[in-house]
Amino acid sequence: MLAVVPPPVTVRVPAKVNLHLAIGDLREDGYHDLVTVFQALSLTDEVTVAVTDEPGLEVFGEGEGSVPTDATNLAWRAAQELATYAGRPEGADPKVRIVLRKGIPVAGGMAGGSADAAATLVGLASLWKLDVTRDELAAIAGKLGSDVPFALYGGTALGTGRGEQLVPVLSRHTFHWVLAFDSEGLSTPKVFKELDRLRADGNPPRIGSHTPVVEALASGDPRQLALLLGNDLQAAAVSLRPGLRRTLRAGVNAGALAGCVSGSGPTCAFLCADAQAAVEVAAELSGAGVCRTVRVAHGPVPGARLVGGDDAPRGTPPRVHA
Ligand SMILES: C[C@](O)(CO)[C@H](O)COP(=O)(O)OP(=O)(O)OC[C@H]1O[C@@H](n2ccc(N)nc2=O)[C@H](O)[C@@H]1O
Ligand SMILES: Nc1ncnc2c1ncn2[C@@H]1O[C@H](COP(=O)(O)OP(=O)(O)OP(=O)(O)O)[C@@H](O)[C@H]1O
């Protein structure tokens, strides 16, 4: 019998920065309640999924050597979860090839692995022609990791719970960022543990309410937003990686309006007045010798999207094999 093999599907998916990250106390399940304002940035990964008789995963690009290619890869876990949810004939052992082209730093606090998982859900839903809504995918995404649902939606959003409960936030205009990648990643659980330790030893200041950040986003004024960037994990990331203090200073000295550690770090994100200022800050920061690589990006951008758009004609005609 002839079977039509659908053409591969490619999905582009954004990194995130937390404009506001207020961490509550440690819960019994090992997570912390948090309140965060996410923004999706134009720094992206691309994920291609294809039907195959030789399932597997390949990684190219940023940090390729440090990303697992086995079943522990979050993208692979996403494929397994979706196959199970959809009741696929092959069960939780999907017959797919997943190729990750990474632009998002690995273990950088920008949700790179989460982005790949979200992109895999969107890509496979299309490849397998599943009748699932983005909200259904978000429920699966929340099981994979706290940051995965946001990568599906993108834009700017308020996250609560573990970070997986989202409501969109109005963000006027485009904000311009410079990102400083460090030479080595930081482990997210270790950074949360370090914050617990700092809190047990003393009383590090906690950032306040998210309301002013939401108002600044609605105003679209980067100068107003810059005064309000805040991250409770920053002290913990800096405690584990003291060199980040120098990086944060260097970004502001280079002309950024403000800087913060992105999520659990170690990437530092610098908000700039406009696109031109971002290019100038990036040039100066890359000469300062405080980080491995510098990138410019803007936000907000949409979440995981098929490359070419959902309605675009397919580039490759379907292959047919016996
Ligand atoms: C730091 C952030 O990136 C901010 O957006 C996220 O909170 C982390 O999200 P993530 O990387 O998707 O994290 P998960 O894979 O869900 O959890 C990894 C580990 O981080 C810690 N963790 C994560 C989220 C959360 N609300 N509380 C936590 O304590 C836990 O030790 C957990 O075992
Ligand atoms: N697809 C993936 N891409 C990158 N890392 C992955 C992936 N799947 C699993 N990992 C593992 O997860 C670890 C954390 O990687 P990731 O890039 O997601 O961190 P992060 O961006 O700091 O996450 P977050 O900001 O959500 O806390 C890596 O060190 C790697 O071992």
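Residues numbered from 1 in each chain as written. Chains lettered and ligands numbered in written order. Predicted model: local features only at pLDDT ≥ 70, side-chain atom pairs only at ≥ 80, totals over all residues. Heavy atoms only, no water.

Per an unreviewed UniProt entry, the protein chain carries the name 4-diphosphocytidyl-2-C-methyl-D-erythritol kinase and comes from Amycolatopsis rhabdoformis. For the protein chain, the Pathway (unreviewed entry) comment in UniProt is given as "Isoprenoid biosynthesis; isopentenyl diphosphate biosynthesis via DXP pathway; isopentenyl diphosphate from 1-deoxy-D-xylulose 5-phosphate: step 3/6." (UniProt positions renumbered as here; feature names shortened; annotations may be inferred.)

**Remarks on the domain arrangement of the protein chain**
Taken as a whole, the protein chain is organised into domain 1 (3–169) and domain 2 (175–299). A separation of 23 Å is found between the C-alpha centroids of domain 1 and domain 2. Area buried by domain 1 at its contact with domain 2 is led by Leu19, His20 and Ile23, which between them contribute 22% of it. Applying the counting rule to domain 1 against domain 2 returns 3 salt bridges. Here arginine 292 ties to glutamate 62 by a salt bridge, and the two come within 2.5 Å at their closest N and O atoms. Broken down by secondary-structure element, the contributors of at least two residues to the side of domain 1 that touches domain 2 are β2 (9–26), β3 (32–51) and β6 (156–160). With 11 residues, β2 is the single largest residue contributor to the side of domain 1 that touches domain 2. (Domains from an automatic or database assignment. Buried area = accessible area lost by both parts, 1.4 Å probe. Salt bridge = Lys/Arg side-chain N within 4 Å of Asp/Glu carboxyl O. Helix = DSSP H or I, 4+ residues; strand = E, 2+ residues; numbered from the N terminus.)

**Quick notes on the site of ligand 1**
Close to ligand 1 lie 18 residues; Lys16, Asn18, His32, Ser146 and Asp147 are nearest. With respect to ligand 1, the backbone of glycine 30 contributes an N or O atom lying 3.5 Å from an oxygen atom. If ligand 1 stood free it would expose 640 Å²; the protein chains cover 83% of that surface. Elements that contribute at least two residues to the shell around ligand 1 include exactly β2, β3 and α5 (188–201). Here the shell around ligand 1 is composed, by residue class, of 7 nonpolar, 8 polar and 3 charged. Taken domain by domain, the shell around ligand 1 gets at least three of its residues from each of domain 1 (3–169) and domain 2 (175–299). (Near = heavy atom within 4 Å. Polar contact = N/O pair within 3.5 Å; in protein donor to acceptor, adjacent residues only side chain to side chain. Areas by Shrake-Rupley, 256 points an atom, 1.4 Å probe, with all protein chains shown as cover. Nonpolar A, V, L, I, M, F, W, Y, C, P; charged D, E, K, R; others polar.)

**Some details on the packing of aromatic side chains**
Summed over all chains, the structure comprises 1 aromatic pair. With a centroid separation of 4.5 Å and an interplanar angle of 10 degrees, the aromatic rings of phenylalanine 38 and phenylalanine 150 are classed as stacked. With a gap of 112 residues between them, phenylalanine 38 in strand β3 and phenylalanine 150 in helix α4 (residues 148–153) connect regions that are remote in the sequence. Exposure remark for phenylalanine 38: the relative accessible area of 1% places this residue in the buried category. The buried category is assigned to phenylalanine 150, whose relative accessible area is 2%. (Phe/Tyr/Trp six-rings, centres within 6.5 Å; stacked < 30°, edge-to-face > 60°. Buried < 20%, exposed > 50% of the residue type's maximum accessible area, 1.4 Å probe, protein only.)

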